[in-house]
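Next come the chains, spelled out residue by residue.
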Amino acid sequence: MAAVSAEEEEAPPSSPPLTDDDIVRLAREHPQTSASIPSFLLSSTSHPILISYLHSRATAASSSPSLAVADYIFSLLSLISLSPRSSPISSLFLSLLLAYIKLFNSRQIPHDGNSLKTIQLFYLHLEIAPNHDLLAVADAIVSDLLQIVDPDDAQLLDLLPRCLDLIRNSEGIERGGEFVNSVVDHVLTSDWSKALLVKLVSLIREISYLDKGRCREFLEKVFFRMKGVDLQDLPSLVYQLLVLASKGFSKREVIEGIVMFFGSQMGSRATSIVRQVEGTVLLHVNFSVKQDPSLGQEVLGLARSDLRVFNNFTVSVLLSLARVRRFNESSIGILKTALLMAYRDFKFAKSCKWLPSDLKEGYLQTVKKVEKAVMRAVNDSNFGREHIVPSIVQLGFILLESAEDGNQKSFYNTNGLMGTEELGIQMLKTLFEVHDMTRNEIIEQCKFRILSLKPEQSMPIIRLLGYLIQTLPYPMLEHVSRLKELLDYFTFMHGKIATCFVTALLPLIKCSRDLQDYTILVVRKAMFRREDTIRIAATNAIIDLILAEKQSKRDGTYSFQDSSSQASCSQKAEVPGSLGPGLFQELSSLLQRCLCQQATVKEIMYNGLVKLVLVDPLTAGPVLDFLLPHFLHFYREGEDADDQLDISSCVKSESGKICMEEPLDCLLSSISWILLLQPPGKTDHPSDSSWTCFGFSLSQENEAGKIMSSESFSSALLKIRQCLRRGNMEGLSGIFGHTQDTGSRTSEDEKTRSCAFILSGIVEVLLNTIATEMEKATDIEKVDLLKELIEFVNHYDSLEKSRSMSRPRNGIKRGNLRNAVLDIPDNTDLGHMKLSRARIPFIATSSIYQLLQTFLDQYSLNFSDGVANSHNCSQSSSSKVSVCCSKMISFVLNTSLQQIKTFSVLGKDDPLKTLVYGEIEMLGPPLLKLIWLLKSEPTLEADQKKKEAKGRKDVEDRREHLHLALICLKELIKICLQNPHHTSLLEDLVSLSTVEYPLRNVADVGPDYECEIASGIEDQDVKSKVLLIAKCIRPLLSELLGLSFLREVEILCDVVLMIGHELPCEWRDFNRDWAVCICNTSAITNSKVAKSLVKLAICLSSPPNDLNLAQEMTKELLKVMGSEGSNPLETSETYAIINHSTTSATASSILELIESVIVDMDWVSAKLKTFSPVTLKTTSLDLNGEHASALGFEEALYSRAEALDPQAEHLLRLVTRFYKHLAQMSKLRIAPKGCKQVLPGLKFQKLVELTCRQLTVPLYSFVALMQRDQQENAKSRGLLSKIKRENKWIPDLIFQIEDYEKYLIQLSKATKVNLLRHAKRSTSRDFKILEHPRTNTMGEEDPPNHNNSTAVEKERVTGGHQECGDDAEEGHDESERATSAPDEPCSPLAAEDPESDGEEEEEEDRDGLPNPNPKRSKMSKVVQESDDEA
């Protein structure tokens, strides 16, 4: 009864029921009438009726049921919200909400905008519902998640965050947090449609109480299912994710997921719509970073952590971040570092022999991936991401400034990579072609950087300009005004930059007469400058302009038909239809001025005129007409033949130095080439010739005069040839001329030497002419030409002696004698040409080949005659023949070496390249024949040597010729290996090596078997290299070794090593076995040859066989050197090459190997950090193959370190670095906090065991032995500097050992594996190095310490005699406590002479050894330097 009374009390008075229409009407009229709420609505008995109205409106056959339902619910909620909150009201709201949810899930109500308004209305009144009843609401909302397939289907989820928040904060609900977590887990584990995913991402930020685990799970599922989201929904989804990153979710995980999704999963969908979507996403990222800079820091940290996240979208994001001022420098720096690191890692991995091939291939693919990512980011810049264009321009120029040298470019090209320079050029070229707005900026940047950067940094910018001009000429025509502004600085540029800039402009000059005229004006001004480099640059520019015009006329094209760009109407109007009269005529005055410049300018002009005739042979006549007046200044026709050439006027004295005034030899060389290239009976185009500038007109007489110029030159050259042929050294001295100066004898000697230098060049020109004539001469004519050749070679030899009679004190100002051309300085690659101060040879390769063949036949004939007449009495005649042959061979070999060494002077597109050098590989076969002939010549008998002293000189000359011929062959093979299109040389040498020669050394075993296997190789290049070594080089080396031709053996070792590096592993092993066999059997005492053979055997060994061989040799080396327990041997029993004379050379070769291995370990140890637990913890990537790569790295590193066991006196520095890497490897094995500790692998445990047993313990004994030797040699002042250098490495060595063992102890504690069980406590921890006896002023020594005979004591640094603990860990802790003692005695390392401190310090600086860290030495207290050293 009490309960009923209460209900009756709460129930309002009854009223007639209302219909749904009445409720809607009442709600609309209520604002005007302000009538009271009908009691029917407040009664709990009316709830079923009100709910039935909701169902009837939902099922009514109306056009818009959702609108009817929305009006009814809006009216009902607006009325009940006016009444005080009570239990019936709450119950009505809950029933109404649950009923609506049921109707919504059953799809009886359309999901449209009206339903969304209804749900939003429920959201505003959720507080009306009882908190404990919201559990049912939450269950109803998430009960039908699988039915959500459309965005409108997810409208109910708007209520979920508010419901969960009310449940979680309600005090009346027990375990409300658990219920909330269960609902969240249900949502996370359910199957998401794309609509549900988008909805949850937008709602999840309202659930602020999610833990990190659920947040990570949510993000993982989002990024996993993002690939199914519609493209139009991706930008908003990404924006919501960025909002989540700012609302407590992990910024790194959000950024990483976005980057990896668009870079990897969306990478294959490279459609225009996808690119537009990515552009919008980039704008969202850019905006979010501006709002929350910490997001930008996360992006930078992610990109900096690992190259595995480097993809096209990462590049775009970084470029977008670069537009934010605070992130500009960091973003561009990360991109630059990532690119350079990728190239550097690949280059190192490629050269690392012991790295597995799959890892090398992985680094190659990484570089290609990085290049592709950058280029795709650039190509996609036109799809809604124009804001990153300025960043691309900035990055492109930074890459150009970081461009590599020519050798690295060829390395990248052979591996299918672009390199930094080519990548930067392609980036800027793409922008220039696609984005009109970037063109002005790119040209301005080029202009600024060319003028401000160093010459070597400006060269890539010049190449960029040239590439843009060549590929996009018509767009570049719009920027001619800016290029003209840059031309104004021509006289202020570096000489090479000025020359290259004009060369780059040449294709554009063909299209713009205005630019051509302006360039000529600038060059004309430059010719009047005082600086030599500017005049040289101007001369090069003049020649380039003339050549460009001639090439255009020859090709008959003035337009760029092959260009991908199209010109506009205005641009086409700028292209002239004709360039008017020839530039050779127009620039004749400038060319005449060149004849008044220094010798270098004249040489450039003479070579340029030859190029002009090569391009257009019809210009030979005008060029000869131009040169004739100048030539007549140095040539006089008279009866006295000795006065024809005025050599003395070619040299002058300036400020006490002899200067070259006229390179007459270069002038005659150019004239001879022009005469050879001139078409017979033809002159230049009459219509294009206007020779009034030379003093000619178009009259018949002057035409005859033009023809006579070539005849005049031919006649002059013939007379000079006859004159020099008749002359001898006495007669030639008159040709030098007689100076009127009254200078000193030294000046006269220098002038004579300079004249001889010019005259020897003239002789080379004549020899080239004679060799050219011999190619077409008959047999009878060849006899006379051969006599003439021999005479000129004799004259050349006399001139060489005249040049070397007196060494010049001041030298020649021109600075490069012909023999000094072998060291070519300052060689700048311009892509299509090269600048170098080295002279172009006067003798062509074809002529050298002809001389080689001729002299080889002559030498063979004389050799056979000499063998037949070796016992005759006519030794004077045979001696003359021998001397003559020796001069011929010496000349042709020196000329060949000069030709080969200067092969790289000219660019591959230079017209002179083909003329002068031609097919240089043709020199290989005759050189090899000559080598065999020189090797096969019998030595003179002993009695004959005693009778005739010249016999010994003949043998010496023969060996010198053999040495020179081998050098030529080596350099020729080097060119062949560097240039793939010259590989025919190897095939020719192999085909020439078919004859087998008897070997004097048994080391060369089984060549037939090896050659038979090599014959089946499919790769022709590898086959030629293998057969060349097997058939030619190795037999020759073995025979020369038997003949004791040791210098020649060194050269052949270099050849085998050079070719061997290009061979696959299995073929290197064949040569390794041969080299090891030689080391086993050859008792060589020459240290240089021994070092070459040992290096050959080690370097050709594949890892780990190279270190195994080094260990075997080290053991034999110790036997030969001796030790405390054994006497030294004379020669190793296993390796005969190791003896007392070759111990230092062998040790040096082994040390070089060890140092290279430690350098490799340094790089691999650094790469292991990428796979360390710390990195993997910060980068939550799960890419296929990454774990395998990490294991591969570790296995390779441990195996390499395990094989490294150095034993030599001067290994302190290398061992210190080795222990540093061991400490780093041990540190990386320790898991950081929060990560699971992994047990050390068997490889690592074996490495620790070997280092403790076979390295650490012997190392302490080694230090003791070294200290004892220092005590014995303390009085030797010459060894003091050496002792100080050795002792400076000891503190750092001990520190690195202790650091390594410290990490081993920490790893042992973490894994419960005793890694120090093989370390001996008596020697592995505490010690001090005893002070050796000092020498006082009276020459007496302090009494030695007889209590301990060793230099390494088994006592602690504190001086106590405590025993070590039971285990290594206790010993380590006690040692650390002991080292912190402030006052402990410590003896100095070595004695010093105070009077020689400064002298010794200078010697140490010259050695380049680093000084130890004094703070480290003082803190460790392990070894302390003496007061004098400190």
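Residues numbered from 1 in each chain as written. Predicted model: local features only at pLDDT ≥ 70, side-chain atom pairs only at ≥ 80, totals over all residues. Heavy atoms only, no water.

Along the protein chain, the regular secondary structure elements total 62 helices and 4 strands. Residues classed as buried in the protein chain amount to 53% of the 1430 residues present. Taking contacts inside the protein chain between residues at least 6 apart in sequence as the whole, the part at least 24 apart equals 78%. (Helix = DSSP H or I, 4+ residues; strand = E, 2+ residues; numbered from the N terminus. Buried < 20%, exposed > 50% of the residue type's maximum accessible area, 1.4 Å probe, protein only. Contact = heavy atoms within 4.5 Å.)

Per-chain confidence: the protein chain averages 75 in pLDDT, with 73% of residues scoring 70 or above. Note that pLDDT drops below 50 for residues 558-580; the model gives that stretch 49 contacts with residues more than four away or on any other chain. (pLDDT = per-residue confidence, 0-100.)

Right, let's get into helix α43 (residues 924-936). Helix length check: α43, at 13 residues, gives a terminal C-alpha distance of 18 Å against a target of 18 Å (1.5 Å per residue), a fit within 8%. With 11 of its 13 residues buried, α43 lies for the most part within the structure. Taken together, the buried positions of α43 are Gly 924, Pro 925, Pro 926, Leu 927, Leu 928, Leu 930, Ile 931, Trp 932, Leu 933, Leu 934 and Lys 935. (Expected span 1.5 Å × (residues − 1).)

It is worth spelling out the packing of aromatic side chains at this point. We describe a pair of aromatic rings using the distance from one ring centre to the other and the angle between the two ring planes. Enumeration over the complete set of coordinates arrives at 16 aromatic pairs. With a centroid separation of 5.9 Å and 65 degrees between ring planes, the pair formed by Phe 93 and Phe 122 is classed as edge-to-face. Residue Phe 93 is found in helix α6 (residues 87-105), and its partner Phe 122 is found in helix α7 (residues 113-124); the two are separated by 29 residues along the sequence. With respect to burial, Phe 93 and Phe 122 carry one shared label: buried. Among the aromatic residues, those joined into a ring-pair cluster are Phe 93, Tyr 100, Phe 104 and Phe 122. Seen from the ring of Tyr 917, Lys 913 lies directly overhead, with NZ or CZ sitting 5.3 Å from the centre. (Phe/Tyr/Trp six-rings, centres within 6.5 Å; stacked < 30°, edge-to-face > 60°. Lys NZ or Arg CZ within 6 Å of the ring centre and 35° of its normal.)

Here the focus is the packing of helix α12 (residues 212-225) against helix α14 (residues 251-265). Packed helices, taken two at a time, are described by the angle their axes make and the gap between the axes. Direction vectors running N to C along α12 and α14 enclose 15 degrees, while the axes themselves pass 10 Å from each other. Relative to α14, α12 is oriented roughly parallel. The hand of the α12/α14 crossing is right-handed. In this structure, α12 contributes Arg 216, Leu 219 and Phe 223 to the contact, and α14 contributes Glu 253, Val 254, Gly 257, Ile 258, Phe 261 and Gln 265. By residue class, the composition of the contact of α12 with α14 is 5 nonpolar, 2 polar and 2 charged. (Axes fitted to C-alpha atoms, helices over the stretch in contact; angles between N-to-C directions. Parallel < 35°, antiparallel > 145°, perpendicular 65-115°, else oblique. Left-handed = near helix turned anticlockwise from the far one by under 90°. Nonpolar A, V, L, I, M, F, W, Y, C, P; charged D, E, K, R; others polar.)

Attention shifts here to the pattern of salt bridges. Considering all chains together, one arrives at 46 salt bridges under this definition. Put simply, Lys 484 and Asp 514 hold a salt bridge, and the shortest N to O gap is 3.0 Å. Taken as a pair, Lys 484 in helix α26 (residues 480-487) and Asp 514 in helix α28 (residues 513-526) lie far apart in primary sequence, 30 residues in all. Residues Arg 725 and Glu 791 are paired through a salt bridge, measuring 2.7 Å at the closest nitrogen-oxygen approach. Separated by 66 residues along the polypeptide, Arg 725 in helix α36 (residues 700-726) and Glu 791 in helix α39 (residues 779-803) bring together distant segments of the chain. (Salt bridge = Lys/Arg side-chain N within 4 Å of Asp/Glu carboxyl O.)

Moving on, we come to unusual backbone geometry. Look at the link from Pro 1103 to Pro 1104: it is a cis peptide, with omega at 0 degrees. Structurally, Pro 1104 is set in the loop between α51 (1087-1099) and α52 (1105-1121). In the Ramachandran plot, Ser 1044 falls in the positive-phi region, its phi being about 65 degrees despite a non-glycine side chain. Its location among the elements puts Ser 1044 in the loop between α48 (1020-1042) and α49 (1046-1060). Phi at Lys 1312 is positive, roughly 60 degrees, even though this residue is not glycine. Looking at where Lys 1312 falls in the secondary structure, it is placed in the loop between α58 (1280-1311) and α59 (1321-1324).

Turning our attention to the nonpolar core. Of all hydrophobic cores here, the largest spans 408 residues; its most connected members are Phe 218, Leu 627 and Ile 762. Ranked by the residues each element gives to this core, the list is headed by helix α38 (residues 745-776), at 13 residues. With sequence-adjacent residues up to four places away left out, Phe 218 is seen in contact with Leu 188, Trp 192, Leu 200, Val 201, Ile 204, Leu 244 and Phe 249. (Core = buried A, V, L, I, M, F, W, Y, C linked by side-chain atoms within 4.5 Å.)

Their axes nearest at 10 Å, the elements α6 and helix α8 (residues 134-142) cross at an angle of 10 degrees. When the axes of α6 and α8 are compared, the pair comes out roughly parallel. Taking contact as the criterion, the partners of Leu 94, Leu 97, Leu 98, Ile 101 and Asn 105 in α6 are, on α8, Ala 136, Val 137, Ala 140 and Ile 141.

The next thing to look at is the environment of Glu 174. Looking at the element boundaries, Glu 174 is found in the loop between α9 (160-169) and α10 (176-189). Under the relative-accessibility criterion, Glu 174 is labelled exposed at 75%. Note: C-alpha distance between Glu 174 and His 132 (42 residues apart in sequence) is 9.3 Å.

On the surface, a cluster of nonpolar side chains totalling about 310 Å² of accessible area is made up of Leu 451, Tyr 489 and Phe 492. On the secondary structure map, Phe 492 appears in the loop between α26 and α27 (495-509). (Patch = residues over 30% accessible without salt bridge, like charges linked within 9 Å, V, L, I, M, F, W, Y side chains within 5 Å. Areas by Shrake-Rupley, 256 points an atom, 1.4 Å probe, with all protein chains shown as cover.)

All right, on to α12 then. With 14 residues, α12 extends 20 Å from end C-alpha to end C-alpha; this agrees with the ideal 20 Å at 1.5 Å per step. Those residues of α12 that fall on the buried side of the exposure criterion are Arg 214, Cys 215, Phe 218, Leu 219, Lys 221, Val 222 and Phe 223.

Tracing the backbone shows Asp 665 in helix α35 (residues 664-677). The buried category is assigned to Asp 665, whose relative accessible area is 1%. In this structure, the C-alpha to C-alpha distance between Asp 665 and Ile 758, residues 93 residues apart in sequence, is 5.7 Å.

Once that is clear, we can look at the pairing of strand β2 (residues 657-660). Of the pairings in the sheet, the one linking strand β1 (residues 651-654) to β2 comprises 4 bridges and is antiparallel in character. Residue pairing across strands places Val 651 opposite Met 660, the latter belonging to β2. (Pairing = 2+ DSSP bridges.)

This paragraph deals with the environment of Leu 1222. Secondary-structure assignment places Leu 1222 in helix α56 (residues 1212-1229). We classify Leu 1222 as buried; its relative accessible area is 1%. Once the C-alpha coordinates of Leu 1222 and Asp 1299 are considered, the two residues, 77 residues apart in sequence, prove to be 9.2 Å apart. Among residues more than four places away in sequence, those in contact with Leu 1222 are Leu 1247, Thr 1251 and Tyr 1300.

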